[in-house]
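As a plain string of letters, each chain reads:
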Amino acid sequence: MFDVGIVGGGAVGSAIAYELSRFRLKIAVFEKEPDVCFGASGRNSGVLHAGFYYRPGSLKAKLCVEGNKKMREWFKLLKVPFKATGKVLLAFDEDEVKELYKLKEIGDANGVEGLEVIRGRDKVNQICPGAGEAIACLYSPMTGIFSSYLLTIALAETAHQNGVKYFLNCKIVDVRKENGTFKLKDQRGERYECRWLINSAGVYSAEFSKIVGVNGYKIYPCRGEYLLLDKALAPLLKMPIYPVPSKEVGGALGVHITPTVEGPILIGPSAEYIDDPEGYESTPEIMNKLFEEGYKLWPYFKKSDVIRSFSGIRAKPVPPGEKSFFDFVIKEEESIPNFINLVGIESPGLTSAPAIARMVREIIERKEKLLIKEDFEPRYLRGERFEELSEEEKERRAKEDPKWGEIICRCEKITKREIIEAIENPLSAKTLASIKYRARAMMGRCQGGYCMPKIIEILEREFGYKPEDFQLHKEGSWLFSGRMRKDD
Amino acid sequence: MIERDVVIIGAGPAGLACAVKLKEIGVSDVLLVEREKKLGGILNQCIHDGFGLHNFKESLTGPEYIERYVERLKKFNIDVLSDTMVVNLFQDKSMILSGPWGRERIRAKAIVLAMGCRERTAGAIGLAGSRPAGIYTAGVAQRLMNIDNYMVGNEVVILGSGDVGLIMARRLTLEGARVLMVLEKLPYSSGLPRNIVQCLEDYGIPLYLKTTVTKVYGKARVEGVEYVSLDDDGKPIPGSERFVKCDTLLLSVGLIPENELSREAGVEIHPITGGPIVNDTYQTNIDGVFAAGNVLHVHDLADWASMEGELVAEFAKRYLEGELSKAKRWIDVKAGKGIRYVLPHKISGERDVNFLFRVDSPYKNRYIIVRDKDRVIKKRRVINLHPAVMENINVKSEEMKGIESLEVMVE
Ligand SMILES: Cc1cc2nc3c(=O)[nH]c(=O)nc-3n(C[C@H](O)[C@H](O)[C@H](O)COP(=O)(O)OP(=O)(O)OC[C@H]3O[C@@H](n4cnc5c(N)ncnc54)[C@H](O)[C@@H]3O)c2cc1C
Ligand SMILES: Cc1cc2nc3c(=O)[nH]c(=O)nc-3n(C[C@H](O)[C@H](O)[C@H](O)COP(=O)(O)OP(=O)(O)OC[C@H]3O[C@@H](n4cnc5c(N)ncnc54)[C@H](O)[C@@H]3O)c2cc1C
């Protein structure tokens, strides 16, 4: 029997697991995918938001501002790559300038520090080189960029290191509450029990709520497509550049240009309502549109700079056409005590994750006293980046261990030692994408053309993988239909 | 810091041939660096034959072709550092080497870039649809099958008619997969005509020109693709969408010279070839940094890459001996009408030059003309010109006496 069962191992579920792992609780996280960052938490802009888009007094406003501060501590503890870049919203005409002032007012009311409207083309370009013809901007110094999938992985692995049990490939399909105990069943018929149940199932949160017995929520999946540009352009872009928010889709921030901590530049996201909660597709129309809209905002790239496209899906609690403000739902359901529902955790869900986790903890603490675990280790003890060491240190390490000398991924210069550490991850996530997210291999401009076969070789020789063991990401994503020759 | 006379980066057909040649002509201090354990570059995975027809006058497989060079390498006792990647290259001609043995910075008097090329990916061509397993570039599939012994799929559609894709169509068929079709967006194949015959026609694999994939289906593994016909402007023709069920999509949509290191060192890159801009001594804008093989421009035959490596060896030797006098002036070579690119990009006019070029689309019964404004320097009749086939035309220094400009064109 677990004290707490968390359904969904994304950034929010794993942040809750990390926060609660400070206490003497038996905690389980159930994740239907083979890894923790295959949902929204691995498919987003990776922007640490400051909090000026959201209605004062709302959960989004409060949790975002709180999360923005707390997250900086987490980034240090969890070795998550972060850059305090600041960001700008550009205005190209006087109507848009008015919008900037409105946003500043909201931000000030929310307690966002340092917001400033800057007028004049030259001044705007001084703050943000490349801002081009913009006549004004809202500058937000508290905004930054980080790696969202590394955050999710570090949260999950650190929670795991502090005793949280992760069940991957484990989709909870049935929940019953009997005598104060939640009885869970997964798709294979395995059963689990817990006293508290937390729904952090992202785009499936309304559906899961229904499984538990709370109707009345609905999620409308809304796809955001992105283009990724070669990191050779990185020196040209200092900080995220946003337009004045879109009025078409409620809550969408508009197509922006964002540097990533790894170097490649993001253009996106678009906003289209779709039916499929996992319709992770790229479409020709949107790819063209992103290119054009991105180019308007930041005309420094060409078609051949695009290295790939991807998409993420927002868990929107409102249907198309609904433009009024809507808030996160984070509460213990009255009808089912000890069931904590998190619904509609879309942007700024990542930024807010530490504050969401705090709220969840406080909901539990209202009913029971949580006892501190003395040996809690808040730091992520893995995930060192060889490429970031000094040349002297690199030479020293390469002498010490041949695996530090052998470079497997040539685009990102990832060593064999880092690849092996990623393969030996504590969650036992076994897909190629799991290695990709942890070690950053197969992510650069050649998209694995060079290192993928090498990683396959390591998995075969050193970890005994058979052809049928190789899986790209989701269940069923087999790589090989077998051997070529029967004899060897 | 250790200093070597010549360091060659990459031991494919170009780098190997360059190393052997350097020794033959008396340069003794040569270091050949290769990131793989095995020398030979791409040819290790090319187990089909057809290599060496020009250089050895017989048809060899890729590994056999390489073996010829490796034997000579051994005979000459050439210094080879395999399993070693050049991870950084600097303008002062120093570089950082890294391998299981450790990591070290060394310097060279002359450097030959021979890093080869990589493949254009699904992301780079803006492939639409989902992102399932089963989308491979043809070269990766070739390596996984021929070196690592994995079968990559059963029912295959190939997008792009580059040579590697054509060769893989045949290979997959021989291994029992069903290759359903090859799709090419252009009105002509981008692979060599002989490969169309030997790899597709002989096996009854259809090639659909002016056709492309518009969408990939499948969440976990490829389940099929949608493809459309294109009009003369390359735009999809509405209503022509068709669906084909398959579990694998192979991409053969172009090769890109591998110039990350060159860029880092400050070598200027040509926008069309994707390789360094070189003069008639195959030197880049950095003195003593040369380029040969696919890193310079994508060759259709390994033999040509090797020949380029040998040519560069001669220039590198003369550079070391201080005999490669700086040209008084450089004349930019213009790719005129009908020409996609021409190499070298700059000439002195003082040296014989074998111009290498590719045309921008197929032509029949035309003239290749080399001219200085209105003065025709050279003119040659050709029956067939195809973008997939690299052409050349030789011009002697006497013929270029007094020129002010130079243009190669099709007429
Ligand atoms: C395009 C886009 C851009 C964004 N940009 C930003 C940004 O810049 N900054 C920011 O702060 N936020 C951003 N967000 C929001 C942020 O990504 C999300 O709020 C956050 O990732 C939500 O985390 P999560 O853990 O709730 O969801 P997810 O990461 O989706 O996790 C939910 C998990 O639950 C699992 N699951 C579902 N059902 C079950 C079940 N029955 N059993 C077991 N497991 C189940 C899923 O597989 C999934 O892994 C963006 C979102 C999108 C889509
Ligand atoms: C997938 C593929 C299949 C092909 N098939 C055929 C064919 O069937 N027939 C044919 O005639 N031609 C084929 N070619 C054409 C090819 O153009 C030539 O045959 C030849 O391989 C080019 O030689 P190269 O030496 O320039 O490059 P490569 O053979 O690519 O050699 C470059 C070498 O440099 C090494 N290297 C690169 N970077 C570094 C670094 N930083 N440090 C150390 N070493 C480095 C690489 O590991 C590699 O060994 C093929 C090309 C490709 C890409």
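Structure report, in brief. Computed from a predicted structure; not experimentally measured. (Residues numbered from 1 in each chain as written. Chains lettered and ligands numbered in written order. Predicted model: local features only at pLDDT ≥ 70, side-chain atom pairs only at ≥ 80, totals over all residues. Heavy atoms only, no water.)

**Some words on the site of ligand 1**
Residue and element names in this part refer to chain A.
Stage number 1. The local shell around ligand 1 holds 38 residues, among which Glu31, Ser41, Val47, Ile345 and Thr351 are the closest.
Stage number 2. Separating an oxygen atom of ligand 1 from a backbone N or O atom of isoleucine 345 is a distance of 2.8 Å.
Stage number 3. One nitrogen or oxygen atom from the main chain of glycine 349 is found 3.5 Å from an oxygen atom belonging to ligand 1.
Stage number 4. In isolation ligand 1 exposes 1,000 Å². Once the protein is present, 96% of that is buried.
Stage number 5. Secondary-structure elements contributing two or more residues to the shell around ligand 1 are helix H1 (11-20), strand E18 (306-316) and helix H8 (349-365).
Stage number 6. Partitioned by chemical class, the residues of the shell around ligand 1 number 16 nonpolar, 15 polar and 7 charged.
Stage number 7. Of the domains in this structure, domain 1 (1-84 + 143-218 + 317-382) and domain 2 (85-142 + 220-313) are the two that each give at least three residues to the shell around ligand 1. (Near = heavy atom within 4 Å. Polar contact = N/O pair within 3.5 Å; in protein donor to acceptor, adjacent residues only side chain to side chain. Areas by Shrake-Rupley, 256 points an atom, 1.4 Å probe, with all protein chains shown as cover. Helix = DSSP H or I, 4+ residues; strand = E, 2+ residues; numbered from the N terminus. Nonpolar A, V, L, I, M, F, W, Y, C, P; charged D, E, K, R; others polar. Domains from an automatic or database assignment.)

**Re the packing of aromatic side chains**
Two aromatic rings, taken as a pair, are described by how far apart their centres are and by the angle between their planes.
Stage number 1. For the coordinates displayed, the defined rule picks out 29 aromatic pairs over all chains.
Stage number 2. Look at phenylalanine 291 of chain A and tyrosine 295 of chain A: their rings are 6.3 Å apart centre to centre, the planes differ by 10°, and that puts the pair in the stacked class. On the criterion of helical spacing, the pair formed by phenylalanine 291 of chain A and tyrosine 295 of chain A is a turn pair, its members being 4 residues apart in helix H7 (residues 284-297).
Stage number 3. Looking at tyrosine 295 of chain A, the relative accessible area reads 38%, which means it is partly exposed.
Stage number 4. A centroid spacing of 5.4 Å and a plane angle of 80° characterise the contact between tyrosine 217 of chain B and phenylalanine 243 of chain B, whose relative ring orientation is edge-to-face. Here tyrosine 217 of chain B is found in strand E15 (residues 211-217), whereas its partner phenylalanine 243 of chain B is found in strand E17 (residues 242-245), with 26 residues between them in sequence.
Stage number 5. Members of the aromatic cluster, connected to one another through ring pairs, are Phe291, Tyr295, Trp298, Tyr300 and Phe301 of chain A.
Stage number 6. Stacked on the ring of tyrosine 280 of chain A, the Lys or Arg arginine 43 of chain A has its end atom at 3.7 Å from the ring centre.
Stage number 7. Between lysine 171 of chain A and the ring centre of tyrosine 204 of chain A, over which it is positioned, the NZ or CZ distance is 5.9 Å. (Phe/Tyr/Trp six-rings, centres within 6.5 Å; stacked < 30°, edge-to-face > 60°. Buried < 20%, exposed > 50% of the residue type's maximum accessible area, 1.4 Å probe, protein only. Lys NZ or Arg CZ within 6 Å of the ring centre and 35° of its normal.)

**Points about the interface of chain A and chain B**
Stage number 1. Across the contact, 51 residues belong to chain A and 50 residues belong to chain B.
Stage number 2. Roughly 4,200 Å² is buried in total at the junction of chain A and chain B, and carbon and sulfur atoms are behind 52% of that figure.
Stage number 3. It is Arg410, Trp478 and Met484 of chain A that lose the most area in chain A upon contact with chain B, and together they represent 15% of the buried surface on that side.
Stage number 4. Inspection of the region where chain A meets chain B yields 7 salt bridges.
Stage number 5. As a salt-bridge pair, glutamate 258 of chain B and arginine 410 of chain A come within 2.4 Å of each other at their nearest N and O atoms.
Stage number 6. Our count for the chain A to chain B interface comes out at 25 residue pairs in polar contact (both at pLDDT 80 or more).
Stage number 7. For the side of chain A that touches chain B, the secondary structure elements donating two or more residues are H7, E18, helix H9 (391-400), helix H10 (402-405), helix H13 (451-463) and strand E23 (482-483) of chain A.
Stage number 8. For the side of chain A that touches chain B, the element with the highest residue contribution is H13 of chain A, accounting for 6 residues. (Contact = heavy atoms within 4.5 Å. Buried area = accessible area lost by both parts, 1.4 Å probe. Salt bridge = Lys/Arg side-chain N within 4 Å of Asp/Glu carboxyl O.)

**Looking at the sheet that holds strand E14 (residues 207-208) of chain B**
All names here are of chain B.
Stage number 1. Strand order in the open sheet formed by 5 strands is E10-E18-E12-E13-E14, and the pairing between neighbours is parallel. The open sheet has two free edges, formed respectively by strand E10 (135-137) and E14, since each of these has just one partner strand.
Stage number 2. Pairing of strand E12 (residues 155-159) with strand E13 (residues 178-183) involves 5 bridges; the strand directions are parallel. Counted as the bridge partner of glutamate 155 is arginine 178 from E13.
Stage number 3. Contacting E10 and strand E18 (248-251), helix H3 (residues 138-146) crosses the sheet at an angle of about 90° to E10. (Pairing = 2+ DSSP bridges. Axes fitted to C-alpha atoms, helices over the stretch in contact; angles between N-to-C directions.)

**Notes on the packing of H1 of chain A against helix H5 (residues 148-161) of chain A**
Residues and elements named next belong to chain A.
Stage number 1. At a closest axis distance of 8 Å, the pairing of H1 and H5 adopts a crossing angle of 35°. The hand of the H1/H5 crossing is left-handed. The residues of H5 that touch H1, namely those facing Ala11, Ser14, Ala15, Ala17 and Tyr18, are Thr152, Leu155, Ala156, Thr158 and Ala159.
Stage number 2. Residues of the contact of H1 with H5, tallied by class, amount to 7 nonpolar, 3 polar and no charged. (Left-handed = near helix turned anticlockwise from the far one by under 90°.)

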